[in-house]
Amino acid sequence: MFLILGHFCSNLFLVLVVFIASCFSSCWVLYGQHDSVTLSSFTYATTVIKPYEWRYISVDLPPWFSSVTIALESNVGIDLKRIGKVSNLPMICFREGSPPLPDVYNTSHTGLVIDHISNSSFGGSQDLQIVEKCYPTQKSIFLTLTNEQIRPGIWYFGLFNGIGPIRTQSKMINRGHSYSFSGNVTVEGCTNSAMLGKFCNQTINLLSCLDTYISPETGIGSQSYKTAANVTTCGGTEESCLHLAGSNVYSLDVVSITEELIITAINITSKSQRSNGTIRGSGISLMCYVRHGAIPLPQLYDYSADIDRSPLVIPLPRLGSWFIKILPANLSASMVVIQEMSTTICYSLEWQVRQCPADKAGLNCTTAKCTLQTFLRKNPSVAFESYYLPISGKVSSNSANFPLGPLLSNSSDGDMGDYTWTFFLMDIPYGAAGGNIHVRLTSEAKISEEIYARYGGFPSLSNWDYFYANSTSNSNGSMFFKVYDASDKSVSFYIIYARGGTWSFGLRHPISNSHSSTVETIMSISLERCPQKCSSHGTCQSVLDASGLTFYSFCACGRRYGGFDCSIELVSSSGHMWQSISLIASNAAALLPAYWALRHKAFAEWVLYTSSGISSGLYHACDVGTWCPLTFHVLQFMDFWLSFMAVVSTFVYLTAIDEVSKRTIHTVVAILTALMAESGPTRSSNIILVVAIGSLGLLIGFFIEFFTHRRWISFSTELCLNMLNRWETVKAWIHNFIRSLLKRFRWGFLIAGFTALAMAAISWKLESSQNYWIWHSVWHVSIYTSSFLFLCSKAAAVNCENEPPRPENYELARQNSFSGSNERGGR
């Protein structure tokens, strides 16, 4: 019986263990399960980035995204302790809202972080002028960024293989190291819009703003805040409770440009489950953390306040979602007993969004506000170019400029003294994030206005993204702000790669008086694809990013200029002239082999050398901007192809084979070199390939000549039995072959030809974007000189192996016989 009972207990114990284990496993799965789904996934095939090239990739993060995973693989290996020139460094840059541009200024590398990128590299809200961060490209990058680290919206990351003003300069050949990358970008999102957070396990209470809301007497309305009589207010209250160790998260959408967002808590009470009573006391404290676009954390937020003491006032909030987290603060010593009990804190959360009427702005709604209307430019070749004019009928729409006089405010807002504000609102399409905002002011007198710009909200003296006060006080040191004109009577600046969405420009100016009303000031705001039309030193090109979602533009500069706007002169006018002469005139070295070929009636080689020199001269003339008889691609192909053919044909010419064999080799070589010139003409490995092909052609020519003019050594049965005679025969054949080879060439010319060819290879290797014109001119002279020396090294063909015995005796006998006959005849 005890055995049966023990067996039963053991089975029962086993069942209980399995049950507990299964429960634990299921509970763990439920706890660790993410209530998320894949929203999008993009895979990028292997892409090669050549020197000074770049690629942009955009990622759209919706408001309900939970995380984004970026996995990139590249063949870049960088030692952070041995980083050389930053301009040659492969790097990856991130920016929110628009493409990154790390080389707006020649010496501006403030966004570069000399460290490996990691998840901890992201977090926090920053002003627009400092949000761009760049990191050295790693061999493997794996990032998982949550909605607690970055905000929803369109994020861009750019892969650059070198930065600086020469990145946009027109270069015939990009010398340097290329690298390739491939990767995948996956966006995860929460299935329930009321659940957000890193694991989609954070409940979000959605707050709505009611226009009919009336604040209770104990709430925000009872506080002493400046409120204009004509201000419009929307708001609401939310009754909530939370545990002493818990927190509540709320989301409130600000859908229009507003003046204030106010949050407070009223009717705070605590309930203890042990005493079943309600306790009121001054020791109860609620902390409020607010963050724009992402769930706030106690260590990561935009605004915070103890809202049971005073409301949290957010002046001039940005458009978008604001997340509010409420959690108990450190309680006083009198509440220690409550902490030890199971305590619940209840409160009424109250919020208000204050907004002025359509044509007014400011805390007292006394300053003017103008909404700008978009007018598209009638230029089908350039997309998303437009200018902006006020919707009000106070100005004419016949011009892209509008006078400021009828639009300026006449009253001050608060304690501003003799200055006031006038605000202008404009919208930029999200697909045009690669455009640039151009703002200009011209006046008949000295300009006294100051301009402040802000994305998604009104600017102020303490809250702005970019500003211009005068020539010495402005945002010209930021990455995406460029001043072009800063005189007393005119101002012109650009906001580079402006984000898509609503922008607000605040004009701070003196209050109008009788004198200022007679001075006319003209303003214009436009959206342009390239700043300053590439300064008239380049062309504006527009392309899609690697994702095909964003349309951005960039300047392709000429040979003399560089920079993102082609405003930096890299080569002077005289320097460019000498470079052009050097690159074009150095092709005159092709006359040396052409003349030799013509003199020795090698007409095919003469045509080849002459055509190669002419095509190379035309190619470089087109590149420097002198004359382009054909397209650049055709001229480049002809130059490299004929150069490759000239090198190989020189080697083939050194052989003494018939014309049929030469034509066969030339046909094969023409096909191979044409493929090389079309697929990758500027690769350094082409020099090795061309020399290898030429040497192979020379070797094949020797073999053809050998099999044609010589026969195999035949060994008879008796000869095979006589090893000594066979070895003597082989030695004689080798000796004759060496004699034939030594007499085939003029070795002084041959060694000089190889020296010139080595110089050509060295000059090819030393070419860079800065010294291209020097070493490529040396390449022209070296390669044609080497061909000339190789041609001169060829001597008359001599067959030493089967050379018949010299007929000295025969001639002597004939001479004797002739002399004998003469003598006989003379006798």
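Our subject in this report is the structure included herewith. (Residues numbered from 1 in each chain as written. Predicted model: local features only at pLDDT ≥ 70, side-chain atom pairs only at ≥ 80, totals over all residues. Heavy atoms only, no water.)

## Quick word on the pairing of strand E19 (residues 343–355)
Right, on to step 1. For E19, the tally of buried residues reaches 12 of 13 residues, placing the bulk of the element in the interior.
Right, on to step 2. Across 12 bridges, strand E11 (residues 232–243) lies against E19 in antiparallel orientation. Looking at E19, one finds that Thr 233 is bridged to Arg 354. (Buried < 20%, exposed > 50% of the residue type's maximum accessible area, 1.4 Å probe, protein only. Helix = DSSP H or I, 4+ residues; strand = E, 2+ residues; numbered from the N terminus. Pairing = 2+ DSSP bridges.)

## Observations concerning the sheet that holds strand E5 (residues 133–136)
Either a parallel or an antiparallel arrangement is found when strands of a sheet pair, and the pairing is made through backbone hydrogen bonds.
Right, on to step 1. Pairing is antiparallel in the open sheet, where four strands are placed in the order E2-E7-E4-E5. The open sheet has two edge strands, strand E2 (54–61) and E5, and neither has a second partner. Strand-to-strand, the axes of this sheet are offset by a mean angle of 20°, without reference to chain direction. (Axes fitted to C-alpha atoms, helices over the stretch in contact; angles between N-to-C directions.)

## Quick notes on the nonpolar core
Right, on to step 1. Residues Phe 424, Met 426, Ile 437, Ile 495, Trp 503, Phe 505 and Ile 525 are the most contacted members of the largest nonpolar core, which totals 54 residues.
Right, on to step 2. Listed in part, the 45 residues of the second largest apolar core include Ala 589, Val 647, Tyr 653 and Val 690. (Core = buried A, V, L, I, M, F, W, Y, C linked by side-chain atoms within 4.5 Å.)

## Digging into the side chain of Arg 508
Right, on to step 1. Along the polypeptide, Arg 508 turns up in strand E30 (residues 501–510).
Right, on to step 2. Excluding residues that lie within four positions of it along the chain, Arg 508 makes contacts with Tyr 419, Thr 420, Trp 421, Ser 448, Glu 449, Glu 450, Tyr 452 and Leu 461. (Contact = heavy atoms within 4.5 Å.)

## Comments concerning the pattern of salt bridges
Right, on to step 1. Summed over all chains, the structure comprises 11 salt bridges.
Right, on to step 2. Note that Arg 55 and Glu 53 form a salt bridge whose closest N and O atoms lie 4.0 Å from each other.
Right, on to step 3. Since its relative accessible area comes to 23%, Glu 53 is described here as partly exposed.
Right, on to step 4. For Arg 318, the salt bridge identified is with Asp 465, shortest N-O distance 3.1 Å. With a gap of 147 residues between them, Arg 318 in the loop between strand E17 (312–315) and strand E18 (320–328) and Asp 465 in the loop between strand E26 (450–455) and strand E27 (466–468) connect regions that are remote in the sequence.
Right, on to step 5. Judged by relative accessible area, Arg 318 falls into the buried class, the value being 16%.
Right, on to step 6. For Asp 465, a relative accessible area of 0% gives the class buried.
Right, on to step 7. When salt bridges with common partners are traced through the structure, they connect Glu 96, Arg 151 and Arg 499 into a single cluster. (Salt bridge = Lys/Arg side-chain N within 4 Å of Asp/Glu carboxyl O.)

## Some details on a nonpolar patch on the surface
Right, on to step 1. A surface patch of nonpolar side chains, amounting to about 350 Å² of accessible area, comprises Leu 598, Phe 603, Trp 606 and Val 607.
Right, on to step 2. Ranked by the residues each element gives to the nonpolar patch, the list is headed by helix H5 (residues 603–623), at three residues.
Right, on to step 3. Here Trp 606 is to be found in helix H5.
Right, on to step 4. Since its relative accessible area comes to 31%, Trp 606 is described here as partly exposed. (Patch = residues over 30% accessible without salt bridge, like charges linked within 9 Å, V, L, I, M, F, W, Y side chains within 5 Å. Areas by Shrake-Rupley, 256 points an atom, 1.4 Å probe, with all protein chains shown as cover.)

## Regarding the packing of aromatic side chains
Right, on to step 1. Tallied over the full model, the rule gives 25 aromatic pairs.
Right, on to step 2. Taking the centre distance of 5.9 Å and the plane angle of 80° together, the rings of Tyr 56 and Phe 160 count as edge-to-face. Taken together, the residues Tyr 56 in strand E2 and Phe 160 in strand E7 (residues 153–161) connect sequence positions 104 residues apart. Each member of the pair Tyr 56 and Phe 160 is classed as buried.
Right, on to step 3. Seen from their ring centres, Tyr 303 and Trp 322 are 6.2 Å apart, and the 45° between their planes marks the pair as tilted. (Phe/Tyr/Trp six-rings, centres within 6.5 Å; stacked < 30°, edge-to-face > 60°.)

## Considerations on the environment of Gln 532
Right, on to step 1. Mapped onto the elements, Gln 532 comes out in the loop between strand E31 (521–528) and strand E32 (538–544).
Right, on to step 2. Sequence spacing of Gln 532 and Phe 493 is 39 residues, and the spatial spacing of their C-alpha atoms is 9.7 Å.
Right, on to step 3. Residues within four places of Gln 532 in sequence aside, it is in contact with Tyr 484 and Tyr 494.

## Some remarks on empty space enclosed by the protein
Right, on to step 1. Under the counting rule described, the total for this entry stands at eight cavities of 30 Å³ or more.
Right, on to step 2. Its volume calculated, the largest cavity comes out at about 100 Å³.
Right, on to step 3. Together, 16 residues line the largest cavity, and Tyr 497, Ser 553, Phe 554, Cys 555 and Phe 564 are the ones closest to its centre.
Right, on to step 4. Residue assignment for the lining of the largest cavity shows that the elements contributing at least two residues are E2 and strand E33 (551–557).
Right, on to step 5. Top contributing element to the lining of the largest cavity by residue count: E33, with four residues.
Right, on to step 6. Among the residues making up the lining of the largest cavity, the classes are represented as 11 nonpolar, three polar and two charged. (1 Å grid on protein atoms, 1.4 Å probe; cavity = no way out; pocket = protein on both sides within 12 Å on 5 of 7 lines; lining within 4 Å. Points joined across faces, edges and corners; volume = space filled by probe spheres on them. Nonpolar A, V, L, I, M, F, W, Y, C, P; charged D, E, K, R; others polar.)

No statement about biological role is implied by the geometric values presented.
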